Amino acid sequence: MPHVLLAALLVASSTATAQTPVPDGGAPAAPQESAPAESPAPAPAAPAAAAPTPSEGSVSREELEQRLEATRQELREDIRAQTATQSVANNDWQEEWTEEKRKLELFTLDGYLRVRPTLFYKFDLGKPALPSGTPLGRQLWTRSPRTASEQTQAGANMRFRLDPSFNVSEDVRIKAQVDALDNILLGSNPDSAYSGDGRNTFTLFSENQSPSNSAVNAFKDSVHVRRAYGEVTTPVGILRFGRMGSHWGLGMLRNDGNCLDCDYGDTVDRIQFVTEPFAGWYVTPMLDFNSEGLSTEKANALGEPVDLTQSDDAHSLVLAIARRDTDQQQKAKLDNNQGVLNYGLYFTYRTQRYAATTETGVPFEDANPSNPINTTAPAFVPRGGTLYIPDLWFKYEEKSFRVEAEFAAQLGNIDGRALTANDPTTQSLRVAQFGGVLQTEFHVIPQKLHLGVEVGFASGDKAPGFGNYPGRQGTGSDGNTAPGDVEGRQYSCDTGGCSDNAIRNFRFNRDYRVDLILWRSILNGVTDAFYVKPGLKYSIAEGFDVFGSVIYSQAFYAESTPSFTSKALGLEADIGARYITEDGFVAGIDYGILFPLDGLKDTGLPAQELSTAHAIRGTLAIRF
């Protein structure tokens, strides 16, 4: 072995040194320069009686020993290198090295803690209380249950979000998202509520908040896992599989809800593969499991849940193609006064053949015939649903301005609209929806003053109500909407047929923020309307910004508004300030005022006086 030979040379060198006589005032001849440093040739021994002459050149004993020690050290290092090289092939050593590497970067953690104080004033717009039992489709805002004269609703909520990443290796990762105390209202779990021990009869004496326990003292548990998926980097792309967030473009239609002020977020069960066939071009095919229908999950008969039938499944085939620069590439181009052009297409194809209704049918057994489930199976109705959802995104940016847009459509058919076994199964519906957003931003004073205008629209139709919550019952016959309704389905069908079989109202994602009051809190998402939003932002100091905007909103059809006669919805002004530090602390305050217009008046009351609504939203957060 090589290191054995080197050891032998080291011994030989030591022996040669011991055999070389060095009389007082003399030294052996210097080693030849042509000899390699790794294996110097030993100097020949001089006769004992001979004394070196001055012309031969001489060195002291100390210098000679230093040279030999340096040679020995080089040999030792070579031996160690040879040993290490041979050890690489040893499997036990390789496993130990990998394990040590995992320990160094096994776990990374991101997330935030936020607390949001809020105060809403006159969000019912001063309208009189509706009679008890009025369908939700007619109600504009959830009023105080105590008295109709109570106009202020205030409180604070919080969320602790964790985004851990378990790095199995440089190429294999497991990612998750966990929310603790998600949007829980501060003070909502006093120890006297449902405690059962009789310690506090009155909540007045409560000094403790109990952990949230679903169906016991809260509507949801303290902790829930929102997402978990695997990510594998391969030589040709990135494979992801599991339950993950979904986001595209400006977030108008697909929004993962990862912003600090978001409340919802799109979460999908998906398998996807991200590849970059050309520099800057990304192609991502995806398979989404939207709904699996009936399964053995509730019965837990097999341990492993089984999808009982493929007929009631709703699946999507998705393809995203985008030309986009990374954040670093964008910054480099802008710093060099170059333009940044990014764009892409996100296309979804979704189908469903049958649907299980709320009506029960004949008894059934799960996949294991020897283990019957003591329940009855819902009846199946033909759905025959097909959706085509294209979404185009475009962005062009220079150092002095940015223009970004997103346009989407939802097109398709539903062959059978039945929701129960008693509904007609042959009445079909058409889906034709369009929506878009255009954002412009001009940097008037670099790093200081920014001006912008945003325009957005979401298609609608003349069906009463906006249609953000089509599952709410309208005040018309057979659950259809009637003039004056705020919400409800956007088609009109009964047992005799459909007088309106089209669903045309496009709905913005609820986490796409336009304002503080009208679309965010009262109507819960842009639909069946358009808006224009000029705004500005001024940076007072690094990390400290003030901003403001004015939003004018108008429905496309007067029949969709509560008034049934006017399209104008409201004029809202929002201002705010935000302070962000480098170590993750965020503090902000926002104030909004809504001036409701005639479209929000109750039907048949054109002279009705509406009250101005106000909102104050605060933010205290720590990002990590």
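Reading guide: rules and limits
Residues numbered from 1 in each chain as written. Predicted model: local features only at pLDDT ≥ 70, side-chain atom pairs only at ≥ 80, totals over all residues. Heavy atoms only, no water. Helix = DSSP H or I, 4+ residues; strand = E, 2+ residues; numbered from the N terminus. Buried < 20%, exposed > 50% of the residue type's maximum accessible area, 1.4 Å probe, protein only. Pairing = 2+ DSSP bridges. Disulfide = S-S within 2.5 Å. Phe/Tyr/Trp six-rings, centres within 6.5 Å; stacked < 30°, edge-to-face > 60°. Lys NZ or Arg CZ within 6 Å of the ring centre and 35° of its normal. Salt bridge = Lys/Arg side-chain N within 4 Å of Asp/Glu carboxyl O.

> Would you mind going over unusual backbone geometry with me for this structure?
Most peptide bonds adopt trans geometry, and most residues besides glycine take a negative phi value. Unlike most non-glycine residues, Leu181 shows phi in positive territory, near 50°. On the secondary structure map, Leu181 appears in strand S3 (residues 172–185). For Leu181, a relative accessible area of 31% corresponds to the partly exposed category.

> Just checking my understanding: could you explain the pairing of strand S17 (residues 529–541) for this structure?
Regular strands show a simple pattern: their side chains alternate between the two faces of the sheet. Bridging between strand S13 (residues 449–458) and S17 involves 10 bridges; their strand directions are antiparallel. The residue bridging Phe457 from the neighbouring strand is Phe530, located in S17. Here S17 pairs with strand S18 (residues 544–555) via 10 bridges, running antiparallel. Bridge pairing in S18 places Ala529 opposite Ala555. Between S17 and S18, which pair antiparallel one after the other, the connecting turn spans 2 residues, and Gly543 there sits at a positive phi close to 90°.

> How do you make sense of the pairing of S18 when you look at a structure like this?
Two strands pair when backbone bridges link them, and S18 and strand S19 (residues 568–580) are joined in this way by 11 bridges, in the antiparallel orientation. Looking across to S19, one finds that Val550 is bridged to Ala573.

> I would appreciate a short explanation of the state of the cysteines in the present structure.
As used here, a disulfide is simply a covalent bond connecting the sulfur atoms of two cysteines. Taken as a whole and judged by the stated rule, the model has 2 disulfides. Disulfide pairing places Cys259 opposite Cys262 at an S-S distance of 1.8 Å. Torsion about the S-S bond of the Cys259 and Cys262 cystine: about 110°, corresponding to right-handed handedness. The residue that forms a disulfide with Cys493 is Cys498, at a sulfur-sulfur distance of 1.9 Å. Disulfide Cys493 to Cys498: torsion about the S-S bond roughly 110°, handedness right-handed. For Cys493, a relative accessible area of 1% puts it in the buried group. Classification of Cys498 by relative accessible area gives partly exposed; the value is 29%. Each disulfide in the protein chain links cysteines that, numbered along the sequence, combine into the pattern 1-2, 3-4.

> Just checking my understanding: could you explain the packing of aromatic side chains for this structure?
Here a ring pair, both rings aromatic, is described through the centre-centre distance and the interplanar angle of the planes. Summed over the entire model, instances satisfying the criterion amount to 18 aromatic pairs. Summarising the aromatic geometry, the rings of Phe160 and Phe624 are spaced 6.4 Å apart at their centres and angled 50° between planes, so their arrangement reads as tilted. Of the two residues, Phe160 sits in strand S2 (residues 152–167) while Phe624 sits in the segment after strand S21 (613–623), which places them 464 residues apart along the sequence. When its relative accessible area of 31% is taken as the criterion, Phe160 is described as partly exposed. Overall, the relative accessible area of 40% leaves Phe624 in the partly exposed class. On the numbers, 5.7 Å between centres and 85° between planes, the contact of Phe508 with Tyr512 is edge-to-face. Each residue in the set Phe120, Phe123 and Trp141 is aromatic and connected to the rest through ring pairs, giving one cluster. We note Arg472 situated over the ring of Tyr469; from NZ or CZ to the ring centre the distance is 4.2 Å.

> Would you mind going over the environment of Glu297 with me for this structure?
For Glu297, the position within the fold is in the loop between strand S7 (281–291) and strand S8 (314–323). Linking Glu297 and Asp307, residues 10 residues apart in sequence, is a C-alpha distance of 8.5 Å.

> Is there a simple way to think about the pattern of salt bridges in this case?
Close approach of charged atoms allows side chains of opposite charge to pair. Applying the stated criterion to the full structure yields 27 salt bridges. We note a salt bridge from Arg402 to Glu404, for which the minimum N-O separation is 2.8 Å. Its salt-bridge partner being Lys601, residue Asp598 comes within 3.1 Å of it at the nearest N-O pair. Several salt bridges converge on common partners, so that one network encompasses Arg114, Arg116, Asp261, Asp263, Asp511, Arg513 and Arg520.

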